[in-house]
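Now for the letters of each chain:
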Amino acid sequence: MAWQYLVLDVLLSDSHERWAKGRHFSHLDVPDGLLSMKTVAQMVGSFLVTRLSLDLIHRSLSVFCVATFLSAPHDWPSMFGSMLDTYTLSLFWGFSMGIPLRDSNAPVFFFFTGVGVLIEEAFQNSLRGKLPGPTDPQSLSFTLLKRAVGYIWVLVWLGSSGSYLIYQTVTIAIVNRSVGVPYSMVESVGLQTTVALIDTLGSRHQLDIFPAELITDLTSSDHEEFTPSNNKIEQPGGMIELGLSRISRLLQQTPLSWKAIHIAGTNGKGSISAYVSRLLASGGVRCGRFTSPHLIDRWDCITIDEKVVQESLFRQIEEEVKLRDQTLGIGASEFELLTATAFEIFNHERVEVGVVEVGMGGRLDSTNILSDVLVSVIAKIGLDHQALLGNSIEQIASEKAGILKPHTPCVVDGTNCPEVITTLHSRIQELDLKGDFVHPDAVESQAPSLARIFEKLDLLPHQRANMYCAVSALQLALPKLRPGLNVDSLLPHLSEVKWPGRLQDIVLEPLVTRKEPILLDGAHNAQSAQVLGEHVERKLRRQRKNVTWVIAASRGKDLTELFGAFIKPGDNVATTAFGPVDGMPWVKAVDPTELATCVQSFPEIQQVKAFGKNIPAAINWASDVANSGPLVIAGSLYLASDVLRLLREA
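Residues numbered from 1 in each chain as written. Predicted model: local features only at pLDDT ≥ 70, side-chain atom pairs only at ≥ 80, totals over all residues. Heavy atoms only, no water.

S.K.: How would you explain the overall build of the protein if you had to name every residue and give the values?
M.R.: Secondary structure summary: the protein contains 24 helices and 14 strands in total. When each of the 650 residues of the protein is scored for burial, the buried share is 49%. Pairs at least 24 apart in sequence give 74% of the contacts found in the protein among residues at least 6 apart. If you sum the accessible surface of the protein, you get close to 31100 Å²; carbon and sulfur atoms cover 56% of it. (Helix = DSSP H or I, 4+ residues; strand = E, 2+ residues; numbered from the N terminus. Buried < 20%, exposed > 50% of the residue type's maximum accessible area, 1.4 Å probe, protein only. Contact = heavy atoms within 4.5 Å. Areas by Shrake-Rupley, 256 points an atom, 1.4 Å probe, with all protein chains shown as cover.)

The structure is reproduced here in structure tokens:
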């Protein structure tokens with residue numbers, strides 16, 4: 001009984017770990033191509049655990065009842081017969097009773113079992129009288145052959161039909177830790193010690209419980225000990241795990257009741273999302289918007305009809321999603337949980353359209369679970385997140401193009417570089433899509449109403465490109481939503497769009513005594529830094545004025561490329577670090593001293609001072625140095641978030 005308990009402990013603990021690593025319990029580590037081995041692994045893994053569990057309970061009850069004189073030993077015969085007698089399905093059920101029936105697929109499994117019993121009975125009846133009798137010299141060899149064929153038959157039939165029952169009854173129980181031994185030796189003294197103890201107990205009973213190869217696998221140094229917190233797998237990109245399998249399982253029972261406009265790109269996709277959702281709401285279309293990352297609060301990345309979703313609703317649905325993730329043992333990433341929460345909020349709020357910004361890349365981004373898409377939009381593409389998306393601009397463009405879907409029209413920012421245009425054009429042709437490559441230089445002839453808006457708002461080139469993409473996307477989507485509504489009638493509402501943290505003019509009072517507005521921008525890659533530099537040159541460096549900067553950056557950025565795009569000779573710089581990012585604990589700031597050293601290497605820089613994590617002190621120093629001259633806070637959206645949060649609290 002002791003060895004049974006310990007074997008069960010090892011099997012269940014090992015199964016928990018394999019699920020934590022994303023591997024199916026029933027298939028263990030069998031390569032995909034070996035179907036026969038998968039069948040055997042599924043049978044052994046699932047039914048051995050079932051047999052040991054039931055037999056251990058049976059034996060424990062028998063010991064208790066006999067010890068307390070409630071019954072005699074002969075009242076407790078063995079619960080199961082010999083494994084050697086399971087060469088027919090009928091005999092198998094005499095061996096292994098009590099498979100859990102709570103799963104909805106159980107009737108299918110037992111139906112197929114009944115069919116299997118009928119098949120084997122009919123086959124055996126057809127052979128009666130034609131086979132060697134007990135006294136026939138060939139009887140022994142025939143019996144061995146019959147059993148060999150029978151074992152194969154049982155394994156094949158149960159292996160093919162058993163998945164209906166085993167997957168949800170065994171694996172879901174394992175990931176929920178709803179099965180297991182009351183006291184785990186594995187968790188207390190470790191897997192290696194437990195296996196050694198089992199081997200010792202087994203040898204006393206002449207039992208070869210664990211073959212040497214299995215002991216080696218279970219006790220090898222690269223086999224992580226299971227702990228309850230072992231529910232995430234770090235990837236080369238940190239905690240970011242691209243892929244659609246987890247989000248598919250999270251939303252498997254939640255059909256999305258709304259249509260989508262899906263937007264990918266390196267820069268500009270947030271602005272395009274804001275323009276599209278504003279125009280839709282102005283046209284009377286109930287609209288949800290999901291962008292990332294959040295700015296101040298985790299829920300401000302989700303809006304309904306241009307209003308941030310209520311915190312109470314966000315937390316309620318987020319809790320439901322997290323509970324589902326835990327119950328099913330999915331191990332979804334933070335962004336996948338957030339995506340599922342946003343999509344279910346859209347369902348709850350009965351939106352007609354969800355404007356969804358891709359989190360990272362496109363092809364494997366969790367938002368790419370969308371299927372009912374009105375139009376796909378690809379904004380400006382540049383080099384960013386190369387460790388996950390590829391080192392070349394063509395590779396990154398190909399990943400972004402992964403959101404394109406058959407029969408779904410698309411809009412592409414025509415200001416992209418030739419390599420990106422070529423890559424996207426090839427994919428559009430391959431899918432035989434309607435693809436509009438829009439360029440703001442052509443707006444006079446193709447969208448004269450929008451050209452007048454451009455003149456009125458005095459927009460930068462990238463702002464014109466983003467706005468043109470948004471309007472073009474709406475022109476493709478609106479006829480499917482409001483056939484009688486003219487897009488041109490909605491264009492005046494574009495001037496109402498405000499995108500916090502992007503070229504935003506704000507006043508820092510009462511955080512500091514400065515009354516003049518400053519510029520707040522979340523530029524955090526080379527492309528957006530270049531745009532910021534052009535804006536500063538055009539708007540702030542009039543009469544050759546120097547600019548004072550407060551900067552921070554995320555780790556992993558090319559600091560020289562990023563800040564060299566807008567910090568010029570004669571400028572003053574304060575370096576600082578943003579605080580922890582809610583929901584994204586893997587995001588870390590560059591050390592301000594390291595950042596200051598980088599900036600000091602730029603030619604003819606004036607004062608440079610590091611302020612650690614003290615953002616208010618950095619802003620105060622910069623405000624004093626700038627006096628009434630230009631002051632810009634930039635380098636990271638997370639720094640912009642912290643500044644806006646400080647202002648709100650002040």
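S.K.: So what about the environment of Ser277? Which residues, and what values?
M.R.: Here Ser277 shows up in helix H11 (residues 269–282). Once the C-alpha coordinates of Ser277 and Phe290 are considered, the two residues, 13 residues apart in sequence, prove to be 9.9 Å apart. The contact partners of Ser277, leaving out residues within four places of it in the chain, are Cys287, Arg289, Glu306 and Val355. Polar contacts involving the side chain of Ser277 include one to the main-chain carbonyl oxygen of Ala274, which spans 3.2 Å. (Polar contact = N/O pair within 3.5 Å; in protein donor to acceptor, adjacent residues only side chain to side chain.)

S.K.: For the pattern of salt bridges, give the residues involved together with the corresponding values.
M.R.: One pass over the structure, following the stated rule, counts 20 salt bridges. The residue Asp305 makes a salt bridge to Arg286 at a minimum N-O spacing of 3.0 Å. With Asp305 in the loop between strand S3 (302–304) and strand S4 (307–308) and Arg286 in the loop between H11 and strand S2 (287–290), this residue pair connects regions lying 19 residues apart in the sequence. Taking the relative accessible area as the measure of exposure, Asp305 reaches 28% and is therefore partly exposed. Since its relative accessible area comes to 29%, Arg286 is described here as partly exposed. (Salt bridge = Lys/Arg side-chain N within 4 Å of Asp/Glu carboxyl O.)

S.K.: How would you summarise helix H13 (residues 334–348) if you had to cite specific residues and measurements?
M.R.: Residue pairs three or four apart in sequence face the same way in an α-helix, which turns once every 3.6 residues. Along its 15 residues, H13 runs 21 Å from first to last C-alpha, staying within 8% of the 21 Å computed at 1.5 Å per residue. Across the 15 residues of H13, 13 count as buried, placing the element largely inside the fold. Among the residues trailing H13, Arg350 stands out with phi positive, at a value near 55 degrees. (Expected span 1.5 Å × (residues − 1).)

S.K.: Can you break down the side chain of Thr303 residue by residue, with the values?
M.R.: Looking at where Thr303 falls in the secondary structure, it is placed in strand S3. With relative accessibility at 5%, the residue Thr303 sits in the buried group. Here Thr303 is in contact with Cys287, Gly288, Arg289, Val308, Val309 and Phe346, once residues within four sequence places are set aside.

S.K.: Any details on the environment of Arg298? Residues and values, ideally.
M.R.: When you line up the elements, Arg298 lands in the loop between S2 and S3. Given the relative accessible area of 14%, Arg298 is considered buried. In this structure, the C-alpha to C-alpha distance between Arg298 and Leu338, residues 40 residues apart in sequence, is 8.9 Å. Contacts of Arg298, omitting those with residues within four sequence positions, involve Phe314, Arg315, Glu318, Leu338, Asp582 and Gly583. Of the polar contacts made by the side chain of Arg298, one reaches the side chain of Glu318; its length is 2.4 Å.

S.K.: With reference to specific residues and values, describe the sheet that holds strand S12 (residues 572–575).
M.R.: Taken together, the 6 strands give an open sheet; going across it, the order is S9-S10-S14-S11-S12-S13, and neighbouring strands pair in mixed fashion. This sheet does not close on itself; its edge strands, each paired only once, are strand S9 (504–506) and strand S13 (608–610). Neighbour-to-neighbour, the strand axes of this sheet turn through a mean angle of 20 degrees, independent of strand direction. Pairing of strand S11 (residues 548–551) with strand S14 (residues 631–634), which is carried by 4 bridges, proceeds in the parallel orientation. When the bridges of S14 are listed, Val550 appears paired with Ile633. Helix H20 (residues 526–539) contacts strand S10 (518–520), S11 and S14 of the sheet and is inclined by roughly 165 degrees relative to S10. (Pairing = 2+ DSSP bridges. Axes fitted to C-alpha atoms, helices over the stretch in contact; angles between N-to-C directions.)

S.K.: Describe in detail the sheet that holds strand S8 (residues 435–438), supporting the description with residues and values.
M.R.: Each strand in a sheet pairs with its neighbour through backbone hydrogen bonds, running either in the same direction (parallel) or in the opposite one (antiparallel). The 8 strands lie next to each other as S4-S3-S2-S5-S1-S6-S7-S8, forming an open sheet whose pairing is mixed. Where the open sheet ends on each side, the last strands, each with one partner, are S4 and S8. Judged from the 4 bridges that link them, strand S7 (residues 410–413) and S8 form a sheet pairing that is parallel. Within S8, the position partnered with Cys410 by the bridge is Gly435. Set on the sheet, H13 makes contact with S2, S3 and strand S5 (353–357); between it and S2 the angle comes to about 175 degrees. The strands that helix H16 (residues 418–431) touches are strand S6 (373–378), S7 and S8; relative to S8, the one it contacts most, it runs at about 160 degrees.

S.K.: Explain the packing of aromatic side chains to me, and be specific about the residues and the numbers.
M.R.: Inspection of every chain in the model, using the stated rule, returns 9 aromatic pairs. Aromatic side chains Trp258 and Phe346 sit 5.1 Å apart centroid to centroid with 80 degrees between the ring planes, which places their arrangement in the edge-to-face category. In this pair, Trp258 is assigned in the loop between helix H10 (245–250) and strand S1 (259–264) and Phe346 in helix H13, connecting sequence segments 88 residues apart. Just as Trp258 is buried, Phe346 falls in that class too. Here Phe563 and Phe566 contribute two aromatic rings whose centre-to-centre distance is 5.7 Å and whose plane-to-plane angle is 85 degrees, an arrangement assigned as edge-to-face. We classify Phe566 as buried; its relative accessible area is 1%. (Phe/Tyr/Trp six-rings, centres within 6.5 Å; stacked < 30°, edge-to-face > 60°.)

S.K.: Residues and numbers for the pairing of S6, please.
M.R.: Of all 6 residues that make up S6, 6 are buried, and the element is covered over most of its length. Direction of pairing for S1 relative to S6: parallel, over a ladder of 5 bridges. What sits directly across from Ala264, in S6, is Ile378. With 3 bridges connecting them, S6 and S7 associate as parallel partners. What sits directly across from Val377, in S7, is Val411.

S.K.: Quick one: what's the story with the nonpolar core, residue by residue and with numbers?
M.R.: One finds Ile261, Leu280, Leu450 and Leu494 to be the most contacted residues of the largest nonpolar core, which totals 42 residues. Where this core is concerned, the elements lending two or more residues are S1, H11, S5, S6, helix H18 (448–457) and helix H19 (461–481). At 11 residues, H19 tops the list of elements feeding residues into this core. The contact partners of Leu450, leaving out residues within four places of it in the chain, are Val443, Met467, Tyr468, Val471, Leu491 and Leu494. Leu295, Val550, Ala622 and Ala640 belong to the second largest nonpolar core, which has 32 residues in total. (Core = buried A, V, L, I, M, F, W, Y, C linked by side-chain atoms within 4.5 Å.)

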